[in-house]
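Residue-level listing of the chains:
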Amino acid sequence: MSKPVLIFTDKGIYCPAGGFYIDPWRPVDRALITHGHADHSRWGHARYLSSDAAAPVIRHRLGEIAIETLPYGEARRIGDAQVSFHPAGHIPGSAQIRIEVGGEVWVVSGDYKVSPDGLCESFEPLRCHAFITECTFGLPVFNWAPQAEVAAQINAWWAANAAEGRPSLLGAYSLGKAQRLLALLDPAIGPILTHGAVENTNEVLRAQGYALPDTLRVTPDLDVKAHPGAMVIAPPSALGASWARRFRGAQVGMASGWMALRGVRRRRGADRGFVLSDHADWGELHSAIRETGAEKIFATHGYTEIFARWLTAQGYDVQIVPTQFGGDEDTDGEAP
């Protein structure tokens, strides 16, 4: 019996044939990184390898690190393993990692969504023998509406608030969701203001060529009264802090897949919730897995037990893999 291409350790997912880890949560010598969110891209590794599209944000967040990059689809030999990065559709630069050893192919999805969003690179289905999949939203209740429909809801909410001279405060984590929302907004409605954490990420992504509308950074000396009816994009953590109090009379919204659950919006202190996620919903998880043709499925972070039981009933060989990856997409980019 051949050895597995990947094994699961207390440091993370490890490839014995290549001597590297994928998104490890403890310091290692060589780390392959799927994307820049902090639960997948951590400080302290000796060497990093990522997609070339993910590297600028990873550098921005981690500082001076030894990082090499690969374009999507270009293979590299590491030890006895051949690796390549392929679009995951989660956030700009996010990747699935394909590992081939002795003719056997395993794919680590990282975090992913299947539906194109018009901003980040679209998900690429990969054929493999084993697929390691997230299942953050692995319940039938999670079934996303078309993006254009959600964009219309957000713009209508903003326009109504602006007509009353009210600012619209919209919570979204600073890497990925915030930029996706910016790309969906109608700038004709009014000015768009951003929290510093969001704007810092905007600057990195704009420098890479990602198309984002003009925004104005909120600074201590900014006269917010000069921008009535503005849309303000900020991390969720800022909405309940003193930072947000300057926007008197603001309506508060939250954009997240968790808004599909009754009661979450109220607990988040939002006036309006918009169901918009950068993760695959129930149907997309199934379609992605089917397209891999994989016989072996590993389910990580999310509703793993329920999702694994359903996949087992469909005839898949499924194993649940505990990880230290996050599942709350409202934590300012500190989790997926």
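Because the structure is a prediction, the values reported are computed rather than measured. (Residues numbered from 1 in each chain as written. Predicted model: local features only at pLDDT ≥ 70, side-chain atom pairs only at ≥ 80, totals over all residues. Heavy atoms only, no water.)

A. Quick look at the confidence of the model for the chain. With 95% of its residues at a pLDDT of at least 70, the chain reaches an overall mean of 93. Predicted confidence for residues 328–336 stays below pLDDT 50, and this span has 48 contacts to residues more than four positions away or in other chains. (pLDDT = per-residue confidence, 0-100. Contact = heavy atoms within 4.5 Å.)

B. Geometry of the sheet that holds strand S2 (residues 13–15). With respect to topology, six strands assemble into an open sheet ordered S1-S2-S3-S4-S5-S6, the strand pairing being mixed. Whereas interior strands pair on both sides, the edge strands pair on one side only; in this sheet they are strand S1 (7–8) and strand S6 (67–70). Across three bridges, the pairing between S2 and strand S3 (residues 20–22) is antiparallel. Bridge pairing in S3 links Cys-15 to Phe-20. (Pairing = 2+ DSSP bridges. Helix = DSSP H or I, 4+ residues; strand = E, 2+ residues; numbered from the N terminus.)

C. Representation of the nonpolar core in the model. Judged by nonpolar contacts, the single largest core of 28 residues is most densely connected at Ile-154, Leu-170, Leu-181, Leu-185, Met-231, Ile-233 and Phe-274. Mapped by element, the contributors of at least two residues to this core are helix H2 (147–163), helix H3 (177–184), helix H4 (196–208) and strand S15 (231–234). Sorting elements by how many residues they give to this core places H2 first, with five residues. Leaving out residues up to four positions away in the same chain, Ile-154 has contacts with Leu-170, Leu-181, Leu-185, Met-231 and Phe-274. In this structure, Phe-137, Ala-238, Met-259 and Ala-270 belong to the second largest nonpolar core, which totals 24 residues. (Core = buried A, V, L, I, M, F, W, Y, C linked by side-chain atoms within 4.5 Å. Buried < 20%, exposed > 50% of the residue type's maximum accessible area, 1.4 Å probe, protein only.)

D. Representation of the pairing of strand S8 (residues 81–87) in the model. Burial runs high along S8: six of the seven residues are buried. Direction of pairing for strand S7 (residues 76–78) relative to S8: antiparallel, over a ladder of three bridges. In the strand pairing of S8, Arg-76 is matched with Val-83. Where S7 folds back onto S8 in an antiparallel hairpin, the turn is made up of two residues, including Gly-79, whose phi is positive at roughly 60°. Here S8 runs beside strand S9 (residues 95–101); their pairing, made up of six bridges, is antiparallel. Within S9, the residue paired with Pro-87 across the bridge is Ala-95.

E. Representation of the pairing of strand S19 (residues 317–320) in the model. Across four bridges, the pairing between strand S18 (residues 296–302) and S19 is parallel. Bridged to Lys-296 within S19 is Asp-317. Running through helix H8 (residues 304–313), the crossover from S18 to the neighbouring parallel element S19 is right-handed. (Right-handed = clockwise from strand over helix to strand, strands pointing away.)

F. Inspection of H3 at higher detail. Of all eight residues in H3, seven are buried; the element is thus mostly enclosed. Residues of H3 that are buried: Lys-177, Ala-178, Gln-179, Arg-180, Leu-181, Leu-182 and Leu-184. Against H2, strand S12 (168–171), strand S13 (192–194), H4, S15 and strand S16 (251–255) lie the buried residues of H3.

G. Summary view of the sheet that holds S16. A sheet is described by the order of its strands in space; here six strands give the open sequence S14-S13-S15-S12-S16-S17, paired in parallel fashion. In this open sheet, the two edge strands, each paired with only one partner strand, are strand S14 (216–217) and strand S17 (272–274). In this sheet, S14 lies alongside S13 in parallel orientation, the contact comprising two bridges. For Leu-193, the partnering residue across the bridge sits in S14 and is Leu-216.

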